[in-house]
Amino acid sequence: MITKLTIRNFKRFDDVEIEVGSPVVFVGPNNSGKTTALQALALWELGLRRWIEKRVAVKSAAKERRGVVINRRDLVQLPVPRAALLWRDLHLRQTPKGTGKATQNVLIEICVEGVSEGVAWKCPLEFDYSTDETIHCRPSLSNDGADVQATIIQHAQKVRVAYLPPMSGLAANERRIDEGAIQVSLGEGQTAQVLRNLCWKLWEAEREKPEKGEWGSLVDQIHRLFGVELLAPEYVIERGEIQMSYCEPLPTGRRRAELDLSAAGRGLQQTLLLLAFLRWKPGSVILIDEPDAHLEILRQRQIYAELTDACRRFNSQLIIATHSEVVLNEAARDKIVAFVGKPHVMRQSDQVRKALALLGYEQFLQAETKGWVLYLEGSTDLEGLRALAQSVNHPAANLLEDVFVHYVSNEAGKARQHFFGLLEAYPQLRGVAVFDNTPDVNVQPHAQLREVKWTRRELENYFCQPFLLRRWVEQGAVTADLFGLAELEKRKTAMEEAITENTVPVALNDPNHPFWLTNKVSDEYLPAVFGAFFGKLGLPNSMNKSDYSQLARLLKPEEVADEIRQTLDLIQAESQKAGP
């Protein structure tokens, strides 16, 4: 089993160490290096196979570390138009500083460590750029003088790596291809071209065995998961194509209909691809990128259990990369590597497990990714803050576009429980909690969780005044011609009447009247005003609570309350304390 992967100068990685196990789950934001790590392991395996073919299998007497040639077209699991794209920042050569030495090639180094039959081993390989069509691979000098060839012969050569990219759909027709072409198609992400071929190879290998061997177990597994009967693949010689069908259960007495596999849902096709792939490469290190693709939530939970169980049965090591919160939480008992900053194993102490049992690992991942968390009553508050930040051109506007936010329904206890739970796992976390002004909320001081409460009833109280409602009507004018002006006057009149009917008279000209400060305007005042406005126009009310942030966007910078600016300043300051 592979236990550690060290990567230098490969694609986005300069120098990283990644602990692995079985199963292990790679998680992190898009473009954080999860797929790159899988590809590095695939490149190492390719280099290893080439070295065995040229230096071990033929019993080469070469004493020097002569490299073996790898053609770019052989990189079927990480296809690139030119070999230089494998190097980090396309950095191919360097001159050692202060050494006076000549320019040297930058080497990609990939070291895999593992344990086989109770013996720990280490196999580092280096890859040297030659041309855009060829690279050279050889054992690395960084192996502390160990006999790499002996390590390869005894342990590393037994490692087999199989990489499966995310599913790309299913082709209507699929020609029969050999194993090499299947590998090429998978490397290019063309999973749509290989599903029937994988099933055909499994069928051919297992059909003479009792109960059709692993093909029979696959049919049973698909029936258990989806309630359909998978039929054996057929090879149509005249067209050189493989056909596959399945049968759905029908009421008693009705003739069973056979449907082509292309008619099945994406979830069934994805699951069949995964389970057939595992059976195609038993005893391998299985690399799967986004196994949860096309699966709904319940299936995502189920497929992780199916994959882990199958890998144990086939004596395979499972390494997957995912964005799924469901898969992440299902993997809580296994090793999880977070690709945030340097890839590292997520903390799993007893204290952390207890703290995060109710929160979910995806919350921990967001906390580690962002470094700070914002607590609000609900999503309309976030939209309102975004609009206000844009109105005053505040730096926090960019932060609020991509923020780790947790909605707590104005319950301070929920915010504190969530924050201090995450704090157990991520001690550097910062937080800002913004609450509505209700008697049950009492803000408390804490060095890392800053709590504030609006002086007005809620955020919407800062952008609900009549002048904004009038401005909203004016900015909605469609045309400036005679008919457009007539329609605008009609709308102005309707809004004036709606405001008058729903506003306390003494508050109409007093922006500081308690009417504007203490009423929950998002539930009472604004729905009443817009309901009356649209009613007078003979139209349905199209202004929902989620649309009230439109009013905030109409505020001029000088009209935004100082309290709003201070809260935005606080959000900006706490996010900066969280660091990058």
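For the structure itself, consult the block above.
Okay, so let's go over this structure. (Residues numbered from 1 in each chain as written. Predicted model: local features only at pLDDT ≥ 70, side-chain atom pairs only at ≥ 80, totals over all residues. Heavy atoms only, no water.)

Attention shifts here to the overall build of the protein chain. Scanning the protein chain from N- to C-terminus turns up 19 helices and 23 strands. Its C-alpha atoms give the protein chain a radius of gyration of 31 Å, clearly above 25 Å, the size a compact globule of 580 residues would have. Dimensions along the principal axes, computed over C-alpha positions, put the protein chain at roughly 100 × 80 × 55 Å. Looking at the protein chain as a whole, 52% of its 580 residues qualify as buried. Taking the intrachain contacts of the protein chain between residues at least 6 apart in sequence as the baseline, contacts between residues at least 24 apart amount to 64%. Within the structure as shown, the protein chain displays about 27000 Å² of accessible surface, and the carbon and sulfur contribution to it stands at 49%. (Helix = DSSP H or I, 4+ residues; strand = E, 2+ residues; numbered from the N terminus. Rg over C-alpha atoms; globule rule 2.2 N^0.38 Å. Buried < 20%, exposed > 50% of the residue type's maximum accessible area, 1.4 Å probe, protein only. Contact = heavy atoms within 4.5 Å. Areas by Shrake-Rupley, 256 points an atom, 1.4 Å probe, with all protein chains shown as cover.)

Turning to the sheet that holds strand β14 (residues 245–247), a few remarks are in order. The strands that make up a sheet pair up through hydrogen bonds in the backbone, lying either parallel or antiparallel. Taken together, three strands build an open sheet; the order of strands is β11-β14-β15 and the sheet is antiparallel. The outermost strands of the open sheet, each flanked by one partner alone, are β11 (229–230) and β15 (258–260). Sheet analysis places β14 next to β15, joined by three bridges and oriented antiparallel. Among the inter-strand pairings, Tyr246 is bridged to a residue of β15, identified as Leu259. (Pairing = 2+ DSSP bridges.)

This part is about the pattern of salt bridges. Taken as a whole, this structure holds 43 salt bridges when the rule is applied. With its nearest N and O atoms 2.8 Å apart, the salt bridge here joins Arg224 to Glu306. Remark: Glu306 occurs in helix α7 (residues 297–313) and Arg224 occurs in helix α5 (residues 213–226); sequence separation between them is 82 residues. When its relative accessible area of 52% is taken as the criterion, Arg224 is described as exposed. Since its relative accessible area comes to 10%, Glu306 is described here as buried. We note a salt bridge from Glu489 to Lys492, for which the minimum N-O separation is 3.9 Å. Of this pair, Glu489 and Lys492 both sit in helix α15 (residues 482–502), three residues apart, roughly one helical turn. (Salt bridge = Lys/Arg side-chain N within 4 Å of Asp/Glu carboxyl O.)

Bringing helix α19 (residues 562–577) into the picture now. Given a rise of 1.5 Å per residue, 16 residues ought to cover 22 Å, and the 23 Å separating the end C-alpha atoms of α19 matches this to within 8%. Within α19, burial applies to Glu563, Ile564, Thr567, Leu568, Leu570, Ile571, Gln572, Glu574 and Ser575. If you follow the buried residues of α19, they end up packed against β20 (372–376), α11 (379–391), α12 (396–401), β22 (430–435) and β23 (449–453). (Expected span 1.5 Å × (residues − 1).)

Let us now look at the packing of helix α6 (residues 266–280) against α7. Helix-helix packing is characterised by the crossing angle of the two axes and by the distance between the axes. α7 packs onto α6 with a crossing angle of 10° between their chain directions and a minimal axis gap of 10 Å. In terms of their interaxial angle, α6 and α7 are classed as roughly parallel. Judged by residue contacts, Thr271, Leu274, Leu278 and Arg279 of α6 engage Ile303, Leu307, Ala310, Cys311 and Arg313 from α7. A per-class count over the contact of α6 with α7 returns six nonpolar, one polar and two charged. (Axes fitted to C-alpha atoms, helices over the stretch in contact; angles between N-to-C directions. Parallel < 35°, antiparallel > 145°, perpendicular 65-115°, else oblique. Nonpolar A, V, L, I, M, F, W, Y, C, P; charged D, E, K, R; others polar.)

The next subject is the sheet that holds strand β3 (residues 24–27). Taken in spatial order, the six strands line up as β10-β16-β17-β3-β18-β19 in an open sheet, and their pairing is mixed. Of all strands in the sheet, those with a lone pairing partner are β10 (161–164) and β19 (344–345), marking the two edges. Docked against the sheet, α6 engages β10 and β16 (285–289), running at close to 170° with respect to β10.

This part is about the packing of aromatic side chains. Inspection of the entire model under this criterion finds 16 aromatic pairs. Aromatic pair Phe26 and Phe339: ring centres 5.0 Å apart, planes at 55°, arrangement tilted. Here Phe26 is found in strand β3, whereas its partner Phe339 is found in the loop between β18 (335–338) and β19, with 313 residues between them in sequence. Residue classification places Phe339 among the buried residues on the basis of a relative accessible area of 3%. Site record: aromatic cluster; members linked through ring pairs are Trp472, Phe530, Phe533, Phe534 and Tyr548. Residue placement shows Lys281 over the ring face of Trp280; its charged tip is 4.4 Å from the ring centre. (Phe/Tyr/Trp six-rings, centres within 6.5 Å; stacked < 30°, edge-to-face > 60°. Lys NZ or Arg CZ within 6 Å of the ring centre and 35° of its normal.)

Going from Ser22 to Pro23, the amide bond is cis rather than trans, its omega being -5°. Unusually for a residue other than glycine, Asp89 sits at a positive phi of about 55°. Among the structural elements, Asp89 can be located in the loop between β4 (68–71) and β5 (93–94). On the accessibility criterion, Asp89 (63% relative accessible area) is exposed. Its identity is not glycine, yet Asn410 carries a phi of approximately 65°, on the positive side. Take Asn410: it is sitting in the loop between β21 (405–407) and α13 (412–425).

Mapping Glu238 onto the fold places it in the loop between β12 (234–236) and β13 (241–243). The spacing of Glu238 and Gln390 is 152 residues in sequence and 65 Å in space, taken between C-alpha atoms.

Before going further, it helps to examine helix α14 (residues 466–475). Residues of α14 that are buried: Pro466, Leu468, Leu469, Trp472 and Val473. The arc that holds the buried residues of α14, viewed along the axis, is 165°, so those residues lie on one side. (Arc of directions from axis to C-beta.)

Turning our eyes to something else, we now look at the nonpolar core. Ranked by size, the top nonpolar core spans 75 residues in total, and within it Trp215, Leu261 and Leu272 carry the most contacts. It is α6 that provides the largest number of residues to this core, a total of nine residues. Leave out the neighbours within four places in its chain, and Leu272 touches Leu195, Cys199, Leu218, Ile222, Leu230, Met244 and Leu261. Within the second largest apolar cluster, 54 residues are counted, among which are Leu376, Met543, Tyr548 and Leu568. (Core = buried A, V, L, I, M, F, W, Y, C linked by side-chain atoms within 4.5 Å.)

Tracing the backbone shows Gln221 in helix α5. We classify Gln221 as buried; its relative accessible area is 10%. Not counting residues within four places of it along the chain, the set of residues in contact with Gln221 comprises Leu275, Arg279 and Glu306.

Inspection of the secondary structure puts Arg49 in helix α1 (residues 34–56). Each C-alpha atom, one on Arg49 and one on Phe533, is 75 Å from the other, the two residues being 484 residues apart in sequence. Leave out the neighbours within four places in its chain, and Arg49 touches Ala156, Gln157, Val159 and Arg160.

We now examine the state of the cysteines. Taken as a whole, this structure holds zero disulfides when the rule is applied. Cys199 forms no disulfide, and the closest cysteine sulfur to it belongs to Cys247, at a distance of 15 Å. (Disulfide = S-S within 2.5 Å.)

What follows is about the pairing of strand β2 (residues 13–19). Of the pairings in the sheet, the one linking strand β1 (residues 2–10) to β2 comprises six bridges and is antiparallel in character. Its bridge partner lying in β2, Leu5 is registered against Ile18.

As a further point, take the environment of Gln77. With respect to the helices and strands, Gln77 occurs in the loop between β4 and β5. As a C-alpha pair, Gln77 and Gln183 span 106 residues in sequence and 7.2 Å in three-dimensional space. Ignoring any residue separated from it by four or fewer positions in sequence, one finds Gln77 in contact with Gln39, Ala42, Val161, Ala162, Tyr163, Gln183 and Gly187.

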